[in-house]
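If you want the building blocks of each chain, they are given just below.
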Amino acid sequence: MKGIYDEIKQIKADIDERAKHPYLMKFIDVPVIDEQKLLLLYSILSESKISSDKIKQSIIATMLIQIALDTHELVGINPIEEDHPYMKKRQLTVLGGDYYSGLYYYLLAQIDNIPMLEVLSIAIKEINEYKVAIYQRDQNNIGDFIESVAMIESLLVQKIAQYVGKSDMLDLSKQLLLLNKLNNEKKSYLSSGYSAFFDGIYTIQEKTRGLSKNIDRKQALILVDNQIITSIHYIEAFLQKHSGTYRFLCEKIRGFINNIDIAMEKAVKEG
């Protein structure tokens, strides 16, 4: 098991080294490596017939796509003047996202994995479609909104799982990455009073019910907790069924779930 920890640690270090371009780091935020996605990708590809060298390159490439998507997300959509102090940072943020995208193409081309390039290109297209639906406020209910968020978070991993024939990992990836997203958004909301996810919930509530943001703070928190509990129940069932096959993954997921305090207590009581 120590060998697996060391291998994942090395892959993360390699991603970190490639992502931290010296010039870009002077102006844009340091890229965040999503450890849950990294863990899922490693577990999925390690159970495939792909060689170890190609597994490493494929994981790094996929994580660089995620960093590219996350970086472009920071650009913002509000217009600003050319001489605005923020303009240079915005332009370099766009450049940073393009740089990470270019790295992913280069890595997969190096190992001559054109089929995976095509798979990931489809994933990027679908992720952007879900993002557009959120930006344009196309969702008519909170269930559709949560589904869109879940797909944005998990499509890269799901497409890789489909590509290597690991269909048992599709729903787990979706539920685990949604859980991770909700947990982070809830922490942000409780600490700073703002979260893009909660803002999306309020937008839909106002659209469908005409309710104000101040009225629905408690309701929004309850809704998120309920979805967290639903995801935990699914994940727990997966862990019971697959702990022998994905031993390392299950161990890490259990550790993650145990750190979700209030939701975990409720899940145990209601489970």
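Details of the structure are given in the entry above.
Fair warning: this is a prediction, and the values are worked out from it, not measured in the lab.

(A) A look at the packing of aromatic side chains. Inspection of every chain in the model, using the stated rule, returns 7 aromatic pairs. Plain terms: the ring middles of Tyr-189 and Phe-198 are 4.0 Å apart, the flat faces sit at 0° to each other, and that makes the pair stacked. Across the pair, Phe-198 and Tyr-189 agree in class, each one buried. Grouped by ring-pair contacts, the aromatic residues Phe-145, Tyr-189, Phe-197, Phe-198 and Tyr-202 constitute a single cluster.

(B) Fine view of the environment of Ala-19. By secondary structure assignment, the location of Ala-19 is in helix 1 (residues 2-19). Leaving out residues up to four positions away in the same chain, Ala-19 has contacts with Met-25, Pro-31, Ile-67 and Tyr-100.

(C) Seen up close, the pattern of salt bridges. The tally for this structure, following the rule as stated, stands at 12 salt bridges. Salt-bridge contacts for Asp-14 lead to Lys-56; the nearest nitrogen and oxygen are separated by 2.7 Å. Of this pair, Asp-14 sits in helix 1 while Lys-56 sits in helix 3 (residues 52-73), and the two are 42 residues apart along the sequence. Judged by its relative accessible area of 31%, Lys-56 is partly exposed. Connected via shared salt-bridge partners are Asp-34, Lys-37, Glu-153, Lys-181 and Glu-185.

(D) Region of interest: the nonpolar core. Counting residues in each nonpolar core, the largest one holds 79 residues, and the members touching the most others are Ile-59, Tyr-104, Met-169 and Phe-197. It is helix 6 (residues 142-163) that contributes the most residues to this core, 12 residues altogether. Apart from the residues within four sequence positions on either side, Ile-59 is in contact with Ile-11, Leu-38, Leu-41, Tyr-42 and Leu-45.

(E) Examining the packing of helix 2 (residues 35-46) against helix 6 more closely. The interhelical angle for the contact between helix 2 and helix 6, taken along N-to-C directions, is 10°, at an axis separation of 10 Å. Overall, the two elements helix 2 and helix 6 adopt an arrangement that is roughly parallel. Facing Lys-37, Leu-40, Leu-41, Ile-44 and Leu-45 of helix 2, the residues of helix 6 in contact are Glu-153, Val-157, Ile-160 and Ala-161. Among the residues forming the contact of helix 2 with helix 6, the class breakdown is 7 nonpolar, no polar and 2 charged.

(F) Representation of the environment of Ala-150 in the model. Examined against the element boundaries, Ala-150 turns out to sit in helix 6. Ala-150 sits in the buried class, given a relative accessible area of 1%. When the C-alpha positions of Ala-150 and Leu-182 are compared, they lie 9.5 Å apart, and in sequence the two are 32 residues distant. Once you skip the residues sitting within four places of it in the chain, Ala-150 turns out to touch Lys-174 and Leu-178.

(G) Main features of the side chain of Glu-153. For Glu-153, the location among the structural elements is in helix 6. With relative accessibility at 15%, the residue Glu-153 sits in the buried group. In this structure, Glu-153 is in contact with Lys-37, Leu-177 and Lys-181, ignoring residues within four places of it in sequence.

(H) Summary view of helix 10 (residues 247-258). In this model, helix 10 (12 residues) spans 17 Å end to end at C-alpha, consistent with the 16 Å of a helix rising 1.5 Å per residue. Turning to helix 10, its buried residues are Phe-248, Leu-249, Cys-250, Ile-253, Phe-256 and Ile-257.

Quick notes on the rules
Residues numbered from 1 in each chain as written. Predicted model: local features only at pLDDT ≥ 70, side-chain atom pairs only at ≥ 80, totals over all residues. Heavy atoms only, no water. Phe/Tyr/Trp six-rings, centres within 6.5 Å; stacked < 30°, edge-to-face > 60°. Buried < 20%, exposed > 50% of the residue type's maximum accessible area, 1.4 Å probe, protein only. Helix = DSSP H or I, 4+ residues; strand = E, 2+ residues; numbered from the N terminus. Contact = heavy atoms within 4.5 Å. Salt bridge = Lys/Arg side-chain N within 4 Å of Asp/Glu carboxyl O. Core = buried A, V, L, I, M, F, W, Y, C linked by side-chain atoms within 4.5 Å. Axes fitted to C-alpha atoms, helices over the stretch in contact; angles between N-to-C directions. Parallel < 35°, antiparallel > 145°, perpendicular 65-115°, else oblique. Nonpolar A, V, L, I, M, F, W, Y, C, P; charged D, E, K, R; others polar. Expected span 1.5 Å × (residues − 1).

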